[in-house]
Amino acid sequence: MTRLQWLYLLAVAVALFALGGTLAVCREIGELEARVTALEIVEPETVQEEPTPTYYDIPLSHFLQDYTVEVCDAYGLDPAVAYGVMYVESRFQPDADSGQAYGLMQISWAVAESYGVDVTDPKANIKLGCWLLATYYHQYEDMHKALMAYNQGPGGAAASWAQGVTQTDYSRAVMQTAENLRKEGRE
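One structure accompanies this document, and this report is about it. Given the structure is predicted, the values throughout are model-derived calculations rather than measurements.

As for helix 7 (residues 143-162)
(1) Moving on: The end-to-end C-alpha distance of helix 7 is 17 Å, clearly below the 28 Å that 20 residues give at a rise of 1.5 Å each.
(2) Moving on: Along its length, helix 7 reaches its greatest deviation from straightness, about 115 degrees, at glycine 153, and the proline proline 154 lies no more than four positions downstream.
(3) Moving on: Of the positions making up helix 7, those classed as buried are Met143, His144, Ala146, Leu147, Met148, Ala149, Tyr150, Ala157, Ser160 and Trp161.
(4) Moving on: Buried residues along helix 7 sit in contact with helix 4 (79-90), strand 2 (107-108), helix 6 (122-140) and helix 8 (169-184).
(5) Moving on: The opening residue of helix 7 is aspartate 142, an N-cap whose side-chain oxygen sits 2.9 Å from the backbone nitrogen of histidine 144.
(6) Moving on: One or two steps after helix 7, the chain reaches glycine 164, where phi turns positive at roughly 85 degrees.

Written out as structure tokens, the structure reads:
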């Protein structure tokens, strides 16, 4: 008799004891032992656990990394590119302030105001920055162009494109950072 079968018998015995006297329990245990021995006990299926989140080795809390991945998934954006923007724009400093832009994604105060977003909140900063970047990416279908529009504004980027410029030091730095993160992998 396996350990699992004995545990089953013990549980039944305890339940029977709670319901009736010891003599009845002994008689029932004998009958149950015969039944359980005849049964083939099947081990339960292994439970599929959700994968444990993994994190990049960057100076950004796991909470904000989880949030960034969630937002990027919702907008169809590669999180490594979002982290690349955060690194190039703010070196992952949630309170980075250039005077004209603020936070991890360096959202300009004017853009934040036009969308009614408090960019001093890191989550709001990430959400708006990722939404803008994803919007530009889906519009231009080229990540370098999307990054140029993010950095220069759509008008400034269009002027660069008119001059034949489709990548900038900024867009290359973000993409290189994203590539480095992908190569290094996650913790």
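Examining the packing of aromatic side chains
(1) Moving on: Using the criterion set out here, one finds six aromatic pairs in the structure.
(2) Moving on: When the ring of tyrosine 87 is compared with that of phenylalanine 92, the centres are 5.9 Å apart and the planes differ by 50 degrees; the resulting orientation is tilted.
(3) Moving on: Judged by its relative accessible area of 5%, phenylalanine 92 is buried.
(4) Moving on: Taken together, a centroid distance of 5.3 Å and an interplanar angle of 45 degrees make the contact between tyrosine 102 and tryptophan 109 tilted.
(5) Moving on: We classify tyrosine 102 as buried; its relative accessible area is 13%.
(6) Moving on: A cation sits over an aromatic face here: arginine 91 above tyrosine 87, 4.1 Å from the ring centre.

Here's the deal with helix 3 (residues 62-75)
For an α-helix the count is 3.6 residues per turn, leaving residues at separations of three or four pointing the same way.
(1) Moving on: When the terminal C-alpha atoms of helix 3 are compared, their 20 Å separation across 14 residues agrees well with the 20 Å that a helix rising 1.5 Å per residue should span.
(2) Moving on: Among the residues making up helix 3, those that are buried are Leu64, Gln65, Tyr67, Thr68, Val71 and Cys72. Each buried residue of helix 3 lies within a common arc of 160 degrees when the element is viewed along its axis, so the set occupies one face. Helix 3 presents Phe63, Glu70, Asp73 and Ala74 as exposed residues on the side facing more than 90 degrees away from its buried surface.
(3) Moving on: Against helix 4 and helix 6 lie the buried residues of helix 3.
(4) Moving on: Just past helix 3, the residue glycine 76 takes up positive phi, approximately 70 degrees.

Structural notes on the packing of helix 4 against helix 8
For any two helices packed against each other, the geometry is given by the interaxial angle and the distance between the axes.
(1) Moving on: Their axes nearest at 8 Å, the elements helix 4 and helix 8 cross at an angle of 125 degrees. The orientation of helix 4 with respect to helix 8, classified from their angle, is oblique. Crossing of helix 4 over helix 8 shows right-handed handedness. Of the residues in helix 8, those in contact with Ala80, Val81, Tyr83, Gly84, Val85, Tyr87, Val88 and Glu89 of helix 4 are Tyr170, Ala173, Val174, Met175, Thr177, Ala178, Leu181 and Arg182.
(2) Moving on: Residue composition of the contact of helix 4 with helix 8, by class: 12 nonpolar, two polar and two charged.

As for the nonpolar core
(1) Moving on: One finds Leu133 and Tyr150 to be the most contacted residues of the largest nonpolar core, which totals 41 residues.
(2) Moving on: If you list the elements that add at least two residues to this core, you get helix 3, helix 4, helix 6, helix 7 and helix 8.
(3) Moving on: Once you skip the residues sitting within four places of it in the chain, leucine 133 turns out to touch Leu77, Val81, Val85, Met143, Ala146, Leu147 and Tyr150.

Let's talk about the packing of helix 7 against helix 8
(1) Moving on: Running from N to C, helix 7 and helix 8 point in directions that differ by 120 degrees, and their axes come no closer than 9 Å. Classified by the angle their axes make, helix 7 and helix 8 are oblique. By crossing handedness, the relation of helix 7 to helix 8 is classed as right-handed. Touching Met143, His144, Leu147, Met148, Tyr150 and Asn151 of helix 7 are Tyr170, Ser171, Arg172, Val174 and Met175, all from helix 8.

As for the side chain of serine 160
(1) Moving on: Note that serine 160 resides in helix 7.
(2) Moving on: The class for serine 160 is buried, based on a relative accessible area of 16%.
(3) Moving on: When residues no more than four places from it in sequence are discounted, the contact partners of serine 160 are Met148, Gln152 and Val165.

Scoring rules and cut-offs
Residues numbered from 1 in each chain as written. Predicted model: local features only at pLDDT ≥ 70, side-chain atom pairs only at ≥ 80, totals over all residues. Heavy atoms only, no water. Helix = DSSP H or I, 4+ residues; strand = E, 2+ residues; numbered from the N terminus. Expected span 1.5 Å × (residues − 1). Bend = angle between axes of the 7 residues up to and from the residue. Buried < 20%, exposed > 50% of the residue type's maximum accessible area, 1.4 Å probe, protein only. Contact = heavy atoms within 4.5 Å. Polar contact = N/O pair within 3.5 Å; in protein donor to acceptor, adjacent residues only side chain to side chain. Phe/Tyr/Trp six-rings, centres within 6.5 Å; stacked < 30°, edge-to-face > 60°. Lys NZ or Arg CZ within 6 Å of the ring centre and 35° of its normal. Arc of directions from axis to C-beta. Axes fitted to C-alpha atoms, helices over the stretch in contact; angles between N-to-C directions. Parallel < 35°, antiparallel > 145°, perpendicular 65-115°, else oblique. Left-handed = near helix turned anticlockwise from the far one by under 90°. Nonpolar A, V, L, I, M, F, W, Y, C, P; charged D, E, K, R; others polar. Core = buried A, V, L, I, M, F, W, Y, C linked by side-chain atoms within 4.5 Å.

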